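Residues per chain, in single letters:
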Amino acid sequence: IRESATLTRDVLEQHFNDLKGTLKKLLDERLMSLLQEVDAIEQESIKPLDECQKLIEHGVSTANDLLREGESAVHGDVGQQNEKLCSFTKKALHIQLDSLPEVPSLVDVPCLSAQLDDCLLTILKNQIFRHGTVASCPPVQLEEFVEKPGGILVRWCKVDDDFIPQDYRLQYRKSTASHFEDVYVGSETEFTVLHIDPNVDYQFRVCARGDGRQEWSPWSVPQIGRTTLVPHEWTAGLEGYSLSSRRNIALRNDSQSCGVLYSKAPTYFCGQTLTFRQVLSGIETVGQPDRRDSLGVCVEQQNGYDSLQRDKAVCISTNGAVFVNGKEMTNQLPAVTSGSTVTFDMEVVPLGPSSNEGGNFKLRVTISSNNREVVFDWVLDQCCVSLYFGCSFSYPGWKVLVF
């Protein structure tokens, strides 16, 4: 409690200090803008009046000079009066003393003033008093971590009955990292975080956005998750397939070579969920389907086959047919297309003492695809709790992520 309270105080102080700095900057910018507007109006309005004043002053000065010259002609010597009066008369005829520039009416002359609406303070006061909240408990919390090969399935739940979530936001970081990063934003309440290093602690936190709101809720209490399971990897080096840097994505290239691409090791264990996801390659469609195409699991790697539709393997073809030990079942799943997700779940089923099923080990298999599933028992002649996975495609363009 003390740690979170201290952190909350620091966040509040930092936020309001930043807000005060931003508000001061905005007010200074607005003041500067208004002062510049006053300067512009003053300069534009005073210029014609200054010119008018100069013309009037020049006319008055000329009239004064002429008046002095007339007085001198009247009061001068008799011999010079005629000459001075003649000069005075000529000047008076050429100077238009009755002509003045048009002076604008007083009502047409700008008179600057500032209009400042005091309601801004009321609006700001109301907004400031409603700005920010302190929550004693976040509305969502992390609920469960499930280990996955090279990943962690993170689940969270809503703990505030009055809160109506629209979106969730999940973040994580390595225990050695300083910053969290977004890994999921959406409406689901679980997400599988991939590219997780085994036996390394990761810290997770989640928040939510209320229905119709823009801001995110407070973060949940950060929790530590880790996986001890090594990531699934495809075997490198098969000519017909190109692999991603982490070797968890296989792309069927345009090589004429064909065959089954197996996992690097038998990393699928009973009790786990194995997921294949068909993702887009460089083109916007998947490759052309073929009846030999397949995704599935097997007891051992067997080279020389061009499909997993063989003994000691269960698989689904791209047209949705399910094969067990090379034999097609009557039940069928939807066809595998772009974005399809196929999952395999297996659990060991004890064989009864009087079993006559022809084997000594049985697995209950559930294959799911596009919200449909088939369930069947797979009888083997040997105990097998870890399996290889594999895929085979006849034509280029297929791209499969495994996790």
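All residue numbers refer to position in the chain's written sequence, counted from 1. Only residues with pLDDT of at least 70 are given local features in this predicted model, and only at 80 or more are side-chain atom pairs given and counted; all residues enter the totals for whole chains, interfaces and linings. Only hydrogens and water are set aside; all other atoms, that is, all heavy atoms of the structure, feed into the side-chain values.

## Topic: the overall build of the protein chain
Scanning the protein chain from N- to C-terminus turns up three helices and 21 strands. Each radius of gyration is computed over the set of C-alpha atoms, and the globule rule expresses the reference value as 2.2 Å times the number of residues to the power 0.38. Here the C-alpha radius of gyration of the protein chain, 44 Å, is well above what a compact globule of 403 residues would show, namely 22 Å. Dimensions along the principal axes, computed over C-alpha positions, put the protein chain at roughly 160 × 60 × 35 Å. Here the protein chain holds 403 residues, and the buried ones make up 31% of them. Per-residue and other accessible areas were derived by the Shrake-Rupley procedure at a 1.4 Å probe size, with only the shown protein chains allowed to occlude residues. Of the accessible surface of the protein chain, which amounts to about 25,400 Å², a share of 52% is contributed by carbon and sulfur atoms. In this tally, Lys and Arg are treated as positive and Asp and Glu as negative; His is ignored, and so are the chain termini. Note on charges: their place is set at NZ of Lys, CZ of Arg, CG of Asp or CD of Glu. Of note, the protein chain has its 38 positive side-chain charges centred 7 Å away from the centre of its 54 negative side-chain charges. Helix numbers and strand numbers start at the N terminus; a helix is a DSSP run of H or I with at least 4 residues, a strand a run of E with at least 2. When a residue's accessible area, from a 1.4 Å probe over protein chains only, is under 20% of the maximum for its type it is buried; when over 50% it is exposed; and in between it is partly exposed.

## Some points on the domain arrangement of the protein chain
How big an interface is tends to be expressed through the accessible area that disappears when the partners come together. Residue ranges for the domains originate in an automatic or database domain assignment. Partitioning the protein chain into structural domains gives domain 1 (140-227) and domain 2 (241-402). Using C-alpha coordinates to define each centre, domain 1 is positioned 30 Å away from domain 2. The contact rule is simple, with two residues in contact once any of their heavy atoms fall within 4.5 Å. Across the boundary between the two partners, domain 1 contributes four residues, which contact five residues of domain 2. Put simply, buried area is how much 1.4 Å-probe accessible surface two parts lose in total, over both of them, once they are put together. Among the residues domain 1 hides against domain 2, the three largest losses belong to K148, P149 and H195. Together they make up 77% of the total. For this analysis, a salt bridge means a side-chain nitrogen from Lys or Arg found within 4 Å of a carboxyl oxygen belonging to Asp or Glu. Taken together, the links from domain 1 to domain 2 amount to zero salt bridges.

## Re the packing of aromatic side chains
Here a ring pair, both rings aromatic, is described through the centre-centre distance and the interplanar angle of the planes. Two rings from Phe, Tyr or Trp (for Trp, the six-membered ring) form a pair when their centres are within 6.5 Å of each other. A pair whose planes differ by under 30 degrees is stacked, one over 60 is edge-to-face, and the rest are tilted. Inspection of the entire model under this criterion finds eleven aromatic pairs. Taken together, a centroid distance of 5.3 Å and an interplanar angle of 45° make the contact between F145 and F204 tilted. Of this pair, F145 sits in strand β1 (residues 140-148) while F204 sits in strand β6 (residues 202-210); the two residues are 59 residues apart in sequence, bridging distant segments of the chain. Owing to a relative accessible area of 24%, F145 belongs among the partly exposed residues under this scheme. Using a relative accessible area of 0% as the deciding quantity, one classes F204 as buried. Residues Y184 and F191 carry aromatic rings whose centres are separated by 4.9 Å and whose planes lie at 25° to one another, so their mutual orientation is stacked.

## Things to note about a nonpolar patch on the surface
A cluster of nonpolar side chains, namely L12, F16, L19, L23, L26 and V134, defines an oily patch on the protein surface of about 490 Å² accessible area. Here L26 is to be found in helix α1 (residues 2-75). Residues form patches when they are more than 30% accessible in relative terms and have no salt bridge. Like charges link within 9 Å. Nonpolar side chains (Val, Leu, Ile, Met, Phe, Trp, Tyr) link within 5 Å.

## Focus on the UniProt feature "coiled-coil region" (unreviewed entry) in the protein chain
UniProt positions are given in the numbering used here, feature names are shortened, and annotations may be inferred rather than shown by experiment. Those residues carrying the UniProt feature "coiled-coil region" (unreviewed entry) are residues 9-44 in this numbering. Within the segment residues 9-44, helix and strand shares are 100% and 0% respectively, and the terminal C-alpha atoms sit 53 Å apart.

## Some thoughts on the environment of E373
By the secondary structure assignment, E373 is in strand β19 (residues 372-380). Once the C-alpha coordinates of E373 and F344 are considered, the two residues, 29 residues apart in sequence, prove to be 9.7 Å apart. Beyond its immediate chain neighbours, meaning those up to four positions away, E373 contacts L333, T366, I367 and S368.

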